[in-house]
Structures are given as C-alpha cells and as structure tokens.
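Report on the structure
Residue strings, one per chain:
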Amino acid sequence: MRGEQGAAGARVLQFTNCRILRGGKLLREDLWVRGGRILDPEKLFFEERRVADERRDCGGRILAPGFIDVQINGGFGVDFSQATENVCSGVALVARRILSHGVTSFCPTLVTSPPEVYHKDLLATYGPLDNVRIVTLAPELGHSHEVIRELTARGICVSLGHSVADLRAAEDAVWSGATFITHLFNAMLPFHHRDPGIVGLLTSDRLPAGRCIFYGMIADGTHTNPAALRIAHRAHPQGLVLVTDAIPALGLGNGRHTLGQQEVEVDGLTAYVAGTKTLSGSIAPMDVCVRHFLQATGCSVESALEAASLHPAQLLGLEKSKGTLDFGADADFVVLDDSLHVQATYISGELVWQAEAARQ
C-alpha cells in the first residue's frame, strides 16, 4: 500500500510527438510515465484529476520497448565465462555500455566450459542454479529428458542447441518442456529435406497444442545468410528472438581476445576461433542486428522491434512487465529515429543514455 501511495505522489512525465509501439502497431499517442511504470492517462485524468508535471517533445521519433538480449557472452573486455572476484563490476560495465544500443535487460551468458569450471568457479561466482534463466542442452544426450523436466520444474527455460539431434529427438524434448532453440542454423545439423533436424521445429505438427517454440537468430550479417533469415521469419515469425551472441571483443576492434576457454581472433566484422575459420560468437550489438534483420527480411518495423523486445520477454515469461509499453509495464524504452538508430534509452522512466545529436 505504501508503495502504491508513493507512486501516486511521484512526478508524471508525458512524452509527446512520438509513435509508440503497442499491440504490434506504431501509434501516434503520448507515453505517460510515473514511478517507473507506464501510466494509463485516462485514470490519471478522470480518477486523480491530474496532468503531467513535465512534457518531453520526442520530435516525431519512435518509442519502443527496451531491447532484451538473452544471449550475450560478454563485451568491452568483460568475459562472463571467466570467474572473477568482482563479477558484478564486469556485468555493470557491460550493462552501461550496451545502453547506447537500446538494450535495457540482458542475460549474461556462459559458454560451454569444462565441468570443473562450472562447479568450482562459475557457481561460486554467479550463485546457485536458482539464478539461472536459460540452459542450452543437446536433446540427443542421455538423461536429457529427465534434465529438461527438472529444469523446467524450477522455472528455467530449456533451449536446444549445440546438437546433432534429429527432428524426432527435438520434438520429444519439446514434449518434455523445452521451449527455445539456441541460435537457429548455427551449431546444429543443417536442414535436410528427409530430416530437418532441430530446424524442423519451426513447422512441426507434432508439438503440444498451443505451445510456441521460440528460436534465437544472430542477424549480424555473418552467422546467417539473409535468405535463411527470410525462411525462418516467414515460417514462424512469432517465435523469432533476435540475439547478439556477443563476445568479450564487442567494442574492442581487431585482435586476439578470450571467450571462456577459447582464444578468439577478430578480423573486421567477424570473430573466429584463433587459427581457424570457425565462427566464435558475434561482435554486432543489438541495434545493428535489428536494422540488418529489417533490411534482410523486408519485415515491418514493428516486427523487427518486437523480435528484440516482446518475443524475448515472452520467452522468459516477463511479457507483463518487460518488452511492452502497455499500461502498468516497466517504463524501459528506447527512442529511435526512422532508420532505427538509438537516440535515447530509458530505464524505469529515467534517462540513462542519450546520443550527442539528441542533446542539442
């Protein structure tokens, strides 16, 4: 009750002259914020008889929910898979630096590591399994179904990936509770017309009724050919989740860097396992992926933005508070120009980053 009374007394911000992404459409409406949440203006007017304390003109720009990256391995020299004494400072650094790319929420991701690293270092660094939101596993491995059922019972999303599973094994995993596919097309059997493998889940008719399968896509211009992006999007648009799969070299340029137990070499816009031509994560931030996805697929602006906001929120079961600008949701949003370049980023209604040009 005290929290509600405190929010009612907080300042009301009205964002005007903007297009709001709401309900799958860009609407010419104002956005109202109070106490860190999206406000219903009708209740403000008619029940509280209040008006805005401050109005901010958005210059006709787009206001979309803040981007959510559910697969980011690090960035700006921080490797989430390397145990450190002060992991919080590394996560905080990445959190600050990706604000300029419109990301307001993310899942620090740990790459595949030896068992002793998980047990001795990473669990001690990040805490118990209760802190985990997503686990990727290969469904063809022994006892995978028991593991899937146990993880989902704990509220953990199970993703299928780094796998050579056929379609039947993938379907069985979904029946056990799996709901996500890790970076579709990458680190899995290639699509084959007789057995499409994990990719076949996008159009399978052998899944639980009403179950939406989500799948991550790295739309960085390197990991996935534009034609493959179009195939996936047209087959199952509502399940597409844009991910960066960014590595610690994000934002650092060419040279050698680490990723977990691997050494990675960055050359231009591509990262390889050092000494090979095997791709090893991405160095493209989320806003770049959104723009490339829009251009490659020819989808609507609304669809491209929802793939980086609403869909990952739905995957995590957070769609009531994140990935949406509906009334009552957290006021995490990004201000974009017509070409989808980030102009400003807000978290809980507070301005946390602004482009130089937008300050003038």
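Everything that follows concerns the structure shown earlier in this document.
Just so it is clear, the structure is predicted and the values come from calculations on it, not from any experiment.

This paragraph deals with the environment of Val12. Looking at the secondary structure, you find Val12 in strand β1 (residues 12-16). Taking the C-alpha atoms as reference, Val12 lies 9.4 Å from Leu44; in sequence the two are 32 residues apart. In this structure, Val12 is in contact with Trp32, Val33, Arg34, Leu39, Leu44, Arg50, Val51, Ala52, Asp53 and Glu54, ignoring residues within four places of it in sequence.

Position of Thr345 relative to the elements: it lies in strand β21 (residues 342-347). At a separation of 2.7 Å, a polar atom in the side chain of Thr345 contacts the main-chain carbonyl oxygen of Leu99. Not counting chain neighbours up to four residues away, the residues in contact with Thr345 comprise Leu99, Gly102, Thr104, Phe333, Val334, Glu350, Leu351, Val352 and Trp353.

Another point: the side chain of Ser144. Counting through the fold element by element, Ser144 comes out in helix α5 (residues 144-153). A distance of 3.2 Å separates a polar side-chain atom of Ser144 from the backbone oxygen of Leu141. Excluding residues that lie within four positions of it along the chain, Ser144 makes contacts with Leu137, Ala138 and Pro139.

Burial of helix α6 (residues 167-176) is extensive: seven of the 10 residues sit out of reach of the surface. Along α6, the positions that sit buried rather than exposed are Leu167, Ala169, Ala170, Glu171, Ala173, Val174 and Ser176. For α6, the elements touching its buried residues are α5 and β13 (157-160). A positive phi of about 130 degrees marks Gly177, the residue just after α6.

The next point concerns the sheet that holds strand β6 (residues 54-57). The sheet built from four strands is open, its strands ordered β5-β4-β1-β6 with mixed pairing. Strand pairing shows two members of the sheet lacking a second neighbour, β5 (37-38) and β6, which therefore form its edges. Summarising the sheet, strand β4 (residues 31-34) and β5 pair through two bridges and their orientation is antiparallel. Paired with Val33 across the strands is Ile38, a residue of β5.

All right, on to the packing of helix α7 (residues 226-235) against helix α8 (residues 286-297) then. It is at 9 Å that the axes of α7 and α8 come closest, and there the two elements cross at 85 degrees. Judged by the angle between their axes, α7 and α8 are roughly perpendicular. Together, Pro226, Leu229, Arg230, His233 and Arg234 of α7 and His292, Phe293, Ala296 and Thr297 of α8 make up the contact between the two elements. Among the residues making up the contact of α7 with α8, the classes are represented as four nonpolar, three polar and two charged.

With that settled, the discussion passes to the sheet that holds strand β18 (residues 262-267). If you trace the three strands from one edge of the open sheet to the other, you get β17-β18-β19, paired in antiparallel fashion. Either end of the sheet is taken by a strand with one partner, and the two such strands are β17 (255-259) and β19 (270-273). Strand after strand, the sheet turns through a mean of 35 degrees between neighbouring axes, direction not considered. Of the strand pairs in this sheet, β17 and β18 are connected by five bridges, and their pairing is antiparallel. Bridge pairing in β18 places Leu259 opposite Gln262.

Our focus in this paragraph is the pattern of salt bridges. On inspection of all chains with the given rule, the structure shows 16 salt bridges. Because the salt bridges share partners, they merge into one network encompassing Arg37, Lys322, Asp330 and Asp332.

Rules behind the numbers
- Residues numbered from 1 in each chain as written.
- Predicted model: local features only at pLDDT ≥ 70, side-chain atom pairs only at ≥ 80, totals over all residues.
- Heavy atoms only, no water.
- Helix = DSSP H or I, 4+ residues; strand = E, 2+ residues; numbered from the N terminus.
- Contact = heavy atoms within 4.5 Å.
- Polar contact = N/O pair within 3.5 Å; in protein donor to acceptor, adjacent residues only side chain to side chain.
- Buried < 20%, exposed > 50% of the residue type's maximum accessible area, 1.4 Å probe, protein only.
- Pairing = 2+ DSSP bridges.
- Axes fitted to C-alpha atoms, helices over the stretch in contact; angles between N-to-C directions.
- Parallel < 35°, antiparallel > 145°, perpendicular 65-115°, else oblique.
- Nonpolar A, V, L, I, M, F, W, Y, C, P; charged D, E, K, R; others polar.
- Salt bridge = Lys/Arg side-chain N within 4 Å of Asp/Glu carboxyl O.

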